[in-house]
Amino acid sequence: MRRNIKCLLIAGMVLALTSCLPLDLTRTGIASPYRAGHSTPGPAGTPPAGDVPVPLQTPTLHLGDRGPLVQKVGNRLDRLGFNPGGSGDEYGSALRMAVWAFQKANGLPPVDRVDPATWQALSHPARIRPLVRSGEPSRVEIDLHRQLLTAWRDDRPVLVSHISTGTGKPYCKNGRCGVAVTPTGDFRAWWRTSGWTSGPLGDQFYTVYFNDGIGFHGSELVPRRPASHGCIRLPLHNARPLYNMVENGEQVHVRDSR
């Protein structure tokens, strides 16, 4: 009888202790789907569960850093659709812009470092939600407020990119004047130019036009603010993949998510 009572008391203590443990096992030494690299299935647009556990002592990675942690971040971003441009183990310009895009998509300010908040988001990323719920399965969505472009294939986000759109200010350049606006609306891709092309407003890399002379293209200057004359500037490493992905006639939606 006493032995049975003792066993019940021990079992009760174990249950009480385990009820106080955190539900997030990524911070423990216990095997979990996150640490094992398995994916947790979810609906379309739901990213796989994190295979980048938050380290106990979270290291902040800075531009110019090298090493296996940098490569792990790049691999994780690539899996989530934020192309790091094959950056390897170096925190360079391409990875920097992929980090910016990921931070913005997760409600974080775009900064030049992988800080504790970014590590946490990498472990548990936000779901990419469509701007246009009635859009075709394959489409491009441009969010002027967050300065993000998302390419959808079969209703799944496959490429999310940092962008820079029209400043909204008057300009005059090479005898051409206007207001640098990227209009909102629903359009379709209609014309394209491969490689580098030059025009009165500057050089463009792999351009897809969707609204008369406005399109998205690669640029060497894609800052964290609207800076273009109306086109959508992309990091160079995202321009050609997007060009190859998008077909003429495909929907392009431009919205201001505010």
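Per chain, residues are indexed from 1 in the order of the written sequence. Two thresholds apply to this predicted model, a pLDDT of at least 70 for residue-level local features and 80 or more for giving and counting side-chain atom pairs, whereas whole-chain, interface and lining totals are computed over all residues. Where side-chain values are given, they derive from all heavy atoms of the structure, hydrogens and water being excluded.

With respect to the nonpolar core
- Only buried residues count toward a nonpolar core, which is a set of Ala, Val, Leu, Ile, Met, Phe, Trp, Tyr and Cys residues joined through side-chain atoms within 4.5 Å. To sort residues, take the accessible area from a 1.4 Å probe on protein chains only and compare it with the maximum for the residue type: under 20% means buried, over 50% means exposed, and anything in between is partly exposed. Counting 23 residues, the largest nonpolar core has Ile142, Leu149, Phe210, Phe216, Ile232 and Leu242 as its most contacted members.
- If you list the elements that add at least two residues to this core, you get strand E3 (139–143), strand E4 (148–153), strand E10 (202–211), strand E11 (214–219), strand E12 (232–235), helix H6 (236–245) and strand E13 (251–255).
- The helix and strand labels rest on DSSP assignments: H or I over at least four residues marks a helix, E over at least two residues marks a strand, and numbering proceeds from the N terminus. Tallying contributions element by element places E10 first for this core, with four residues.
- The contact criterion used is simple: two residues touch if any of their non-hydrogen atoms lie within 4.5 Å. If we skip the residues at most four places from it in the chain, phenylalanine 216 touches Val140, Ile142, Leu149, Tyr206, Thr207, Val208, Phe210, Ile232, Leu234, Leu242, Val246 and Val252.
- Counting 21 residues, the second-largest nonpolar core is a separate cluster that includes Val70, Val73, Leu77 and Tyr91.

Describing the sheet that holds E13
- Between any two strands, at least two bridges found by DSSP are needed for them to pair. One open sheet holds the five strands; their spatial order is E5-E4-E3-E13-E8, and the pairing between them is mixed. One side of each edge strand has no neighbouring strand; the edge strands of this open sheet are strand E5 (156–162) and strand E8 (185–188). On average, each strand axis in the sheet is inclined to that of its neighbour by 20°, with strand direction left out of account.
- Against the sheet, helix H4 (residues 93–105) touches E4 and E5, its axis set at about 115° to E5.
- Under this scheme, a helix contributes an axis fitted over its contacting stretch, all axes are lines through C-alpha atoms, and angles between N-to-C directions fall in the 0 to 180 degree range. Along the sheet face, H6 touches E4 and E5 and points at about 145° away from the line of E5.

A word on the sheet that holds E11
- Strand order in the open sheet formed by four strands is E9-E10-E11-E12, and the pairing between neighbours is mixed. Single-partner strands in this sheet number two, and they are strand E9 (191–199) and E12. In this sheet, neighbouring strand axes are inclined to one another by 30° on average, regardless of whether the strands run parallel or antiparallel.
- For E9 and E10, the ladder comprises seven bridges, and the chain directions are antiparallel. Bridging across to E10, arginine 192 finds its partner in valine 208.

Topic: empty space enclosed by the protein
- In this analysis a 1.4 Å probe is tested at points of a 1 Å grid over the protein atoms alone, and where it fits but cannot get out there is a cavity; an open set with protein on both sides within 12 Å along at least five of seven lines is a pocket; lining residues have an atom within 4 Å of a point. Grid points are joined across faces, edges and corners, and a volume is the space filled by probe spheres set on the points. Considering all chains together, one arrives at one cavity of 30 Å³ or more under this definition.
- Each pocket or cavity is described by its volume, and for the largest cavity that value is around 80 Å³.
- Only E3 and E4 provide two or more residues apiece to the lining of the largest cavity.
- Among the elements that line the lining of the largest cavity, the one with the most residues is E3, at three residues.
- Residue type decides the class: Asp, Glu, Lys and Arg count as charged, Ala, Val, Leu, Ile, Met, Phe, Trp, Tyr, Cys and Pro as nonpolar, and the leftover types, Gly among them, as polar. Split into classes, the residues belonging to the lining of the largest cavity amount to six nonpolar, one polar and four charged.

Looking at the environment of valine 254
- The residue valine 254 is located in strand E13 in this model.
- Separated by 67 residues in sequence, valine 254 and phenylalanine 187 have C-alpha atoms that sit 8.1 Å apart.
- Excluding its chain neighbours within four sequence positions, the residues that come into contact with valine 254 are Ile142, Leu144, Thr182, Pro183, Thr184, Gly185, Phe187 and Phe210.

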